[in-house]
Amino acid sequence: MDRSLVYAAHTGHGDGASSQSPASRPKLDRIFNDPDGVVEDGVRGALLAHPDIIVETANPRVVKRAKTTGRRKVGVITGGGSGHEPAFLGYVGTGLLDSVAIGEIFSSPTAVSFLDAMKEADMGAGVACLFGNYAGDTMNVRMAARDAQQAGIKVETVVATDDVASAPASEAERRRGVAGEILMWKAAGARAEEGGSLDEVIAAARKAIANTRSIGVGLTPCTIVANGHPNFAIELGTMEVGIGHHGEPGVSVQELGRSRDIAKLMLEHILPDLPFTKGDRVTVLLSGLGATPIIELYVLYADVADLLKEKGIEVAHRFVGNLFTSLEMKGATLTVMKTDEELDRLMGAPAESIGLVRVGAGAAAAPAAEAPAAPAAKADPVEALVKTQTGEKYVPKSGVPVSETTKVIPALVDAIVKARDWLSEIDGKIGDGDHGINMAKGFARCGEALGANPPVMEKGLDALSDSLMAGIGGSMGPLYGRFFEGMAIPLRNVEFLDGKLFAQMLDGALAGINSLGNARVGDKTLVDTLQPSVEAFHKALDDGKSFEQALIAMSVAAERGRDSTIDLVARIGRASRLGERSRGVLDAGATSCCLILQTIAKELEAPARKHNA
């Protein structure tokens, strides 16, 4: 993976210059220079404001602790989208996290950033990676952990699933990770600071999140600056109960009541779920969502504390403030964790970070854990999967000269960049509205890196794969990164492109997608476009059609597959939590996949006709 593509793209915003003219800037009551550079500018400001707590690394999307222990200890890391500050970089510091990977607004960090955060945190005793339950984070962590193990770093993971509103208790593994992640980081960070082994740190994190429940209440929407408008609405005088940190719909919309009514409602969702009962000792974390006045949080906390006391539940530790936000959304998230002797000790342990400072006696440091033996390297699964799916290496003797395929990647870049707003609008109807923004960034960066003399299709696909996996967070970065990597593999060391080879390229793209997930047709994902397109291309060839005719058949199938997602209910990814509310809207991934396949087809149809491929 060529990291220069992403590293270069993440610099250049610090001087306050904007890539947009004043007239084209979004008209918002917000503070920014370039709407596409908010994350870079914000991270730069945080580093300048807190040099005694966090410092930069070679990767501009990774920050680490300024103060180290000077001894071998387990590294504790996380990563997540920006816009939730002080999460995630705000919890890097003593007794908490050692490093953090930073994503775009509401979007997962890339696998490269997660890997670099693991390397920065590694002190020879292993790394605990603790993150939220979102598809993009899961994919990117999995890829990074595999690469870290190949580099001799032992990585163990824990996924937070504390949001009771995002799935029933019987499907707890589907729940989102929200503000309860902070208590997981606190427990694991304190245990690592004590000198616990990797297994002990992971056990502390698992115990913390298993005993933690959260729910959010939203009062107003929020706006991603680059979008320029909210992606959802909350009517004045109402509240969205169970809202997610990206604006995901909750379980109900109700009339906004008094603070005590809100506290009672939140506890009614949380307390039965574990359950919490009379005599329990708990830690309470009450976080504003960004625009809630602190005094109102204290009003709400007082009611929460009163109600818990009435139920005979003792609050042992409490944290109140804007601790895990959602840009400028009004509302609050309530988190309650049942403590035992160990969690009580870890919650009270000293900590120092931007978002949380805890003064305490601390615990005597235990001996540092022994460094684990380096794990055996594992082969990259994509090339093996592509070879299995495409069969023996096929080398055409005629067809479209590969030297005539230099226009394909520039055409893809142009198509995606032009569709930026459209793709984000589609995504905003059942997602967080960042699909077009992130895709356009990744494709544009690749186009800039390739310059005025783009390479042949194989090299261009590899460059596009590298750019997307290194520069786009969320799930689309790794998915499309593997998609284009899989397409490029059959093209290696061949001089001509014909229908049979392109069929293998499509098989490679599908294999790349399958290497990361188990989406099937009907799940409302890009597979609803890709699978029928691959099948249509193969069928056209089997029926004796030419390369050009097979490309046309693929384009038609891609459009049908894209349009089929309108009537589907999402079963995978963030939109799956919406249930029936995801019906009636195109899937953004299926839409961008259709655009990609149709653009490739358009660029190859004329050469295929010319050379009778």
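What follows covers the nonpolar core. Ranked by size, the top nonpolar core spans 63 residues in total, and within it F483, F484 and F502 carry the most contacts. Of all the elements, helix α19 (residues 588-610) adds the most residues to this core, at nine residues. The contacts of F502, once residues within four sequence positions are left out, are M487, L497, F537, F547, L551, M554, I600 and L604. Of all hydrophobic cores here, the second largest spans 62 residues; its members include V39, A187, I202 and L285.

Summed over all chains, the structure comprises zero disulfides. No disulfide involves C593; its nearest neighbouring cysteine sulfur is the one of C594, lying 7.6 Å away.

Most of strand β7 (residues 212-218) sits inside the fold, with seven of its seven residues counted as buried. The alternating pattern of β7 places T212, S214, G216 and G218 on one face and R213, I215 and V217 on the opposite face, and all of these are buried. Sheet topology note: the β7/strand β8 (residues 238-241) ladder contains two bridges and is antiparallel. When the sheet's bridge partners are listed, G218 is paired in β8 with E240.

Turning our attention to the sheet that holds strand β12 (residues 331-338). In spatial order, the strands read β9-β8-β7-β12-β10-β11; together these six strands make up an open sheet with mixed pairing. Where the open sheet ends on each side, the last strands, each with one partner, are β9 (252-255) and β11 (314-321). Ignoring strand direction, the axes of neighbouring strands in this sheet form an average angle of 20°. By the bridge criterion, seven bridges tie strand β10 (residues 281-288) to β11 in an arrangement that is parallel. If you follow V284 over to β11, its bridge partner there is R318. Running over the sheet, helix α8 (residues 294-310) touches β10, β11 and β12 and is turned about 155° from β10.

Another aspect to go through is the sheet that holds strand β4 (residues 99-105). The strand order across the open sheet formed by six strands is β1-β2-β4-β3-β5-β6, and the pairing between neighbours is mixed. With partners counted over all chains shown, the strands left at the sheet margins are β1 (54-56) and β6 (155-160), one partner each. Adjacent strand axes in the sheet meet at a mean angle of 25°, parallel and antiparallel pairs treated alike. Across six bridges, strand β5 (residues 127-132) lies against β6 in parallel orientation.

A few words on the packing of aromatic side chains. What the rule picks out here adds up to 10 aromatic pairs. Look at Y480 and F483: their rings are 5.6 Å apart centre to centre, the planes differ by 75°, and that puts the pair in the edge-to-face class. One end of the pair, Y480, and the other, F483, are both in helix α15 (residues 476-488), three residues apart, so they sit about a helical turn from each other. Exposure remark for Y480: the relative accessible area of 0% places this residue in the buried category. For F483, a relative accessible area of 0% puts it in the buried group.

This part is about helix α6 (residues 198-210). The terminal C-alpha atoms of α6, which comprises 13 residues, lie 18 Å apart, in line with the 18 Å expected from a rise of 1.5 Å per residue. Within the sequence span of α6, burial applies to L198, V201, I202, A204, A205, A208 and I209. For α6, the angular spread of buried residues about the axis comes to 155°, placing them on one side.

Turning to empty space enclosed by the protein, a few remarks are in order. Summed over all chains, the structure comprises five cavities of 30 Å³ or more. Its residues placed into classes, the lining of the largest cavity shows four nonpolar, 10 polar and three charged.

On a regular strand, one side chain projects to one face of the sheet and the next to the other, so that they alternate. In this sheet, strand β2 (residues 62-65) lies alongside β1 in antiparallel orientation, the contact comprising three bridges. By the bridge assignment, E56 is partnered in β2 with V63. The hairpin turn running from β1 into β2, its antiparallel successor, is five residues long. Where β2 lies against β4, three bridges are found, and the strand directions are antiparallel. Within β4, the residue paired with K64 across the bridge is S99.

This part covers the packing of helix α5 (residues 180-194) against α6. For the pair α5 and α6, interaxial distance at closest approach is 8 Å and the crossing angle is 155°. Between α5 and α6, the angle is such that the two are roughly antiparallel. Judged by the twist between their axes, the crossing of α5 over α6 is right-handed. Counting all contacts with α5, which are made through G180, E181, L183, M184, A187, A188, R191 and A192, the residues of α6 involved are E200, V201, A204, A205, A208 and I209. Residue classes in the contact of α5 with α6 are distributed as 10 nonpolar, one polar and three charged.

What follows is about the pattern of salt bridges. Tallied over the entire structure, the rule returns 37 salt bridges. A salt bridge links K338 to D280; its shortest N-O distance comes to 3.5 Å. Taken together, the residues span a long stretch of sequence, with K338 in strand β12 and D280 in the loop between α7 (259-270) and β10 at a distance of 58 residues. Classification of K338 by relative accessible area gives partly exposed; the value is 22%. Here D280 falls in the buried class, since its relative accessible area comes to 13%. The partner of R562 in a salt bridge is D563, with the nearest N and O atoms 2.9 Å apart. On the accessibility criterion, R562 (14% relative accessible area) is buried.

Conventions adopted
Residues numbered from 1 in each chain as written. Predicted model: local features only at pLDDT ≥ 70, side-chain atom pairs only at ≥ 80, totals over all residues. Heavy atoms only, no water. Core = buried A, V, L, I, M, F, W, Y, C linked by side-chain atoms within 4.5 Å. Buried < 20%, exposed > 50% of the residue type's maximum accessible area, 1.4 Å probe, protein only. Helix = DSSP H or I, 4+ residues; strand = E, 2+ residues; numbered from the N terminus. Contact = heavy atoms within 4.5 Å. Disulfide = S-S within 2.5 Å. Pairing = 2+ DSSP bridges. Axes fitted to C-alpha atoms, helices over the stretch in contact; angles between N-to-C directions. Phe/Tyr/Trp six-rings, centres within 6.5 Å; stacked < 30°, edge-to-face > 60°. Expected span 1.5 Å × (residues − 1). Arc of directions from axis to C-beta. 1 Å grid on protein atoms, 1.4 Å probe; cavity = no way out; pocket = protein on both sides within 12 Å on 5 of 7 lines; lining within 4 Å. Points joined across faces, edges and corners; volume = space filled by probe spheres on them. Nonpolar A, V, L, I, M, F, W, Y, C, P; charged D, E, K, R; others polar. Parallel < 35°, antiparallel > 145°, perpendicular 65-115°, else oblique. Left-handed = near helix turned anticlockwise from the far one by under 90°. Salt bridge = Lys/Arg side-chain N within 4 Å of Asp/Glu carboxyl O.

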